[in-house]
Amino acid sequence: MLFAYLMWYVAPAENMDLVRIVAVTESGCIAETSDGFAVNIGECREPNQYVMAPVDKKVRERAALMNPTT
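Computed from a predicted structure; not experimentally measured.

Notes on the nonpolar core
Phase 1: By size, the foremost hydrophobic cluster in this structure holds 6 residues: Val-19, Ala-31, Phe-37, Val-39, Ala-53 and Val-55.
Phase 2: Once you skip the residues sitting within four places of it in the chain, Val-55 turns out to touch Ala-13, Glu-14, Asn-15, Asp-17, Val-19, Thr-33, Val-39 and Arg-60.

Here it is as structure tokens:
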């Protein structure tokens, strides 16, 4: 049962979201979702563009749980 719970908890649940590229780094592009969540989307061209990118909603939920101020 623990294994099933962990698989559900860590399995990605990606959906496409419109994000704004805020920085280009060596490890990929950092983008910001409409609700202010930062995500690494991989390769991109230049900052300050809006693109559709896959965003894992479970990572966003776990980050919200770890930060009690939001």
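With respect to the side chain of Thr-33
Phase 1: If you trace the backbone, Thr-33 turns up in the loop between strand S2 (28-32) and strand S3 (38-42).
Phase 2: Within polar-contact distance, the side chain of Thr-33 engages the side chain of Asp-35 at 2.3 Å.
Phase 3: Ignoring any residue separated from it by four or fewer positions in sequence, one finds Thr-33 in contact with Asp-17, Leu-18, Val-19, Val-55 and Arg-60.

Digging into the pairing of S2
Phase 1: Strand direction decides the pairing type here: strand S1 (residues 14-25) and S2, joined by 5 bridges, are antiparallel. Bridging across to S2, Arg-20 finds its partner in Glu-32.
Phase 2: What sits between the antiparallel neighbours S1 and S2 is a turn of 2 residues.
Phase 3: Where S2 lies against S3, 4 bridges are found, and the strand directions are antiparallel. Note on S3: the bridge partner recorded for Cys-29 is Gly-42.
Phase 4: From the end of S2 to the start of S3, which pair antiparallel, there are 5 residues, and Gly-36 there has a positive phi angle of about 90°.

Things to note about unusual backbone geometry
Phase 1: In this structure, Asn-48 is a non-glycine residue whose phi angle is positive, near 65°.
Phase 2: When you line up the elements, Asn-48 lands in the loop between S3 and strand S4 (50-56).
Phase 3: The exposure class of Asn-48 is exposed, given its relative accessible area of 59%.

What to know about the state of the cysteines
Phase 1: Tallied over the full model, the rule gives 1 disulfide.
Phase 2: The disulfide partner of Cys-29 is Cys-44, and the S-S distance across this bridge is 1.6 Å. Its S-S torsion of about -80° marks the bond between Cys-29 and Cys-44 as left-handed, since a negative value means left-handed. Taken as a pair, Cys-29 in strand S2 and Cys-44 in the loop between S3 and S4 lie far apart in primary sequence, 15 residues in all.
Phase 3: We classify Cys-44 as partly exposed; its relative accessible area is 22%.

Some words on the sheet that holds S1
Hydrogen bonds between backbone atoms are what pair the strands of a sheet, whose relative direction is either parallel or antiparallel.
Phase 1: With antiparallel pairing, 4 strands are arranged side by side in an open sheet as S3-S2-S1-S4. Only two strands of the sheet have a single neighbouring strand rather than two, namely S3 and S4. Geometrically, the sheet is characterised by an average inter-axis angle of 55° between neighbouring strands, direction not taken into account.
Phase 2: Relative to S4, S1 is paired through 7 bridges, and the arrangement is antiparallel.

Scoring rules and cut-offs
- Residues numbered from 1 in each chain as written.
- Predicted model: local features only at pLDDT ≥ 70, side-chain atom pairs only at ≥ 80, totals over all residues.
- Heavy atoms only, no water.
- Core = buried A, V, L, I, M, F, W, Y, C linked by side-chain atoms within 4.5 Å.
- Buried < 20%, exposed > 50% of the residue type's maximum accessible area, 1.4 Å probe, protein only.
- Contact = heavy atoms within 4.5 Å.
- Helix = DSSP H or I, 4+ residues; strand = E, 2+ residues; numbered from the N terminus.
- Polar contact = N/O pair within 3.5 Å; in protein donor to acceptor, adjacent residues only side chain to side chain.
- Pairing = 2+ DSSP bridges.
- Disulfide = S-S within 2.5 Å.
- Axes fitted to C-alpha atoms, helices over the stretch in contact; angles between N-to-C directions.

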